[in-house]
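# Chain and residue survey
In case you want the letters, here they are:
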Amino acid sequence: MKTSDFNYDLPEELIAQFPIKDRSSSRLMVVDKKTGEIEHKVFKDIIDYLEEGDCLVLNDTRVIPARLIGSKVETGGKIEFLLLKRNEDDTWETLVKPGKRAKIGSKFSFGDGKLIAEVVGMGDDGARIVKFEYEGIFEEVLDELGNMPLPPYITEKLEDRERYQTVYSKHNGSAAAPTAGLHFTDDLLKQIRDKGVEEAFVTLHVGLGTFRPVKVDDVLEHKMHSEYYMVSQEAADKINRAKENGKRVICVGTTSCRTIESAADNNGVLKATSGWTDIFIYPGYKFKLMDNLITNFHLPESTLIMLVSALSTRENILNAYEEAVKERYRFFSFGDAMFLK
């Protein structure tokens, strides 16, 4: 299986630069995962495809303002940090630009010294391991000094930080939003609950590795970055109950999918657990729990488009993407949605 098998042509003007005003008014492409048949809808129509007893799985992670602009203590040279993930020893895996300024032992200042960072080690793919010094609570310092880590393909400034958070975001820790969830409003979620659909909240702190293009020709040689996840007993019970009752488990986003597929045993039973996952899902994968998927339109040659193809077929998904380009759908983080029914 070649990485190039998952390529498609995307006109740059279809990359959404800003979120639309009403979250649930984005467009929704409904694709039959078996036949590839396509319907064009509006996102709030998703309720028509959900049935009583189904379980909607949502990732309640919250994006942290992980982009920091500062200067090198010794020289004053400008530096940019992007926090990727917090390690168990309270260090951070961080992308640094320009990297040549960030040798081990180097120190950097943010917010006139409110936050001091020291490079204490080297990580994978040029990342730096960083230790921070500060007074007070780290999350509050970061909230004051940091910026939202929007993907590089978004060049417009985000006016409202909350538009890069889901309305149900709860647990701080992501370097990027679980973007399929951005389409839901509180009102739409209430309508879905009133219809008898269960909600199960899981947590996966999204790292940038999820979104990086695959750089090897052979898909099987790609190594995923690990991400931290949590599944509560309550969520496990709801998801297992839906399966036992012959109802569907519908994941909102690839991150929710990767969470429950990582935590399920070989019999398709979900366990309450937490840990790190580097699960890589591509065509040929046999899903243990997920039946259907609500997702956005993903980058060419990304692990995300491979995951979506695994639930249907590569041909069906590339055909749907071709249709989305033709119909001028909006792509990527602030773009439109797809439901694989």
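Residues numbered from 1 in each chain as written. Predicted model: local features only at pLDDT ≥ 70, side-chain atom pairs only at ≥ 80, totals over all residues. Heavy atoms only, no water.

Each helix and strand in the protein chain was counted, giving six helices and 17 strands. Scaling as 2.2 N^0.38, a compact globule of 341 residues should have a C-alpha radius of gyration of about 20 Å, and the protein chain matches this with 20 Å. Referenced to the eigenvectors of the C-alpha coordinate spread, the extents of the protein chain come out at roughly 60 × 45 × 40 Å. For the protein chain, the proportion of its 341 residues judged to be buried stands at 56%. Sequence-distant contacts, at least 24 apart, represent 71% of the contacts inside the protein chain between residues at least 6 apart. Surface summary for the protein chain: the accessible area is close to 15,300 Å², and the carbon and sulfur share equals 46%. (Helix = DSSP H or I, 4+ residues; strand = E, 2+ residues; numbered from the N terminus. Rg over C-alpha atoms; globule rule 2.2 N^0.38 Å. Buried < 20%, exposed > 50% of the residue type's maximum accessible area, 1.4 Å probe, protein only. Contact = heavy atoms within 4.5 Å. Areas by Shrake-Rupley, 256 points an atom, 1.4 Å probe, with all protein chains shown as cover.)

The subject of this paragraph is unusual backbone geometry. Only a minority of non-glycine residues have a phi that is not negative, and only a minority of peptide bonds are not trans. With an omega dihedral of -10 degrees, the bond running from Lys97 to Pro98 counts as a cis peptide bond. For Pro98, the position within the fold is in the loop between strand 7 (92-97) and strand 8 (107-110). Positive phi values are uncommon outside glycine, yet Asp90 reaches one of about 70 degrees. Within the element layout of this structure, Asp90 appears in the loop between strand 6 (78-86) and strand 7. Since its relative accessible area comes to 33%, Asp90 is described here as partly exposed.

Using the criterion set out here, one finds 21 salt bridges in the structure. For Arg193, the salt bridge identified is with Glu199, shortest N-O distance 3.0 Å. Residue Arg193 is classed as partly exposed on the basis of its relative accessible area, which comes to 41%. For Glu199, a relative accessible area of 9% gives the class buried. Three or more residues joined by partner-sharing salt bridges are found here, namely Glu198, Glu234, Lys238 and Arg241. (Salt bridge = Lys/Arg side-chain N within 4 Å of Asp/Glu carboxyl O.)

Turning our attention to helix 6 (residues 314-326). Taking 1.5 Å of rise per residue, the 13 residues of helix 6 would be expected to cover 18 Å, and the 18 Å separating its terminal C-alpha atoms lies within 8% of that figure. Summarising the contacts, the buried residues of helix 6 are in contact with strand 1 (27-31), strand 2 (38-42), strand 16 (292-296), helix 5 (303-311) and strand 17 (337-340). Following helix 6 by one or two positions, Arg328 has its phi on the positive side, about 65 degrees. (Expected span 1.5 Å × (residues − 1).)

Note on placement: Asn59 falls in strand 3 (residues 55-59). Polar side-chain contacts of Asn59 include one of 3.2 Å to the backbone nitrogen of Thr61. Polar side-chain contacts of Asn59 include one of 3.0 Å to the side chain of Thr255. (Polar contact = N/O pair within 3.5 Å; in protein donor to acceptor, adjacent residues only side chain to side chain.)

Once that is clear, we can look at the sheet that holds strand 16. In space, the nine strands of this open sheet follow the order 2-1-17-16-14-3-12-13-15, with mixed pairing throughout. Edge positions in the sheet fall to strand 2 and strand 15 (273-277), since each of these pairs with one other strand and no more. With strand direction ignored, the average angle separating the axes of adjacent strands in the sheet is 20 degrees. (Pairing = 2+ DSSP bridges. Axes fitted to C-alpha atoms, helices over the stretch in contact; angles between N-to-C directions.)

Here we take up the domain arrangement of the protein chain. Once the domains are mapped, the protein chain shows domain 1 (3-63 + 160-340) and domain 2 (67-147). For domain 1 versus domain 2, the separation of C-alpha centres amounts to 31 Å. Taken residue by residue, the interface counts eight residues in domain 1 and twelve residues in domain 2. Around 810 Å² of area is buried between domain 1 and domain 2 when both sides are counted, 46% of it from carbon and sulfur atoms. Run the count over domain 1 and domain 2 and you get one salt bridge. A salt bridge links Arg161 to Asp143, with the nearest nitrogen and oxygen atoms 3.1 Å apart. Where domain 1 touches domain 2, the interface holds three residue pairs in polar contact (both at pLDDT 80 or more). (Domains from an automatic or database assignment. Buried area = accessible area lost by both parts, 1.4 Å probe.)

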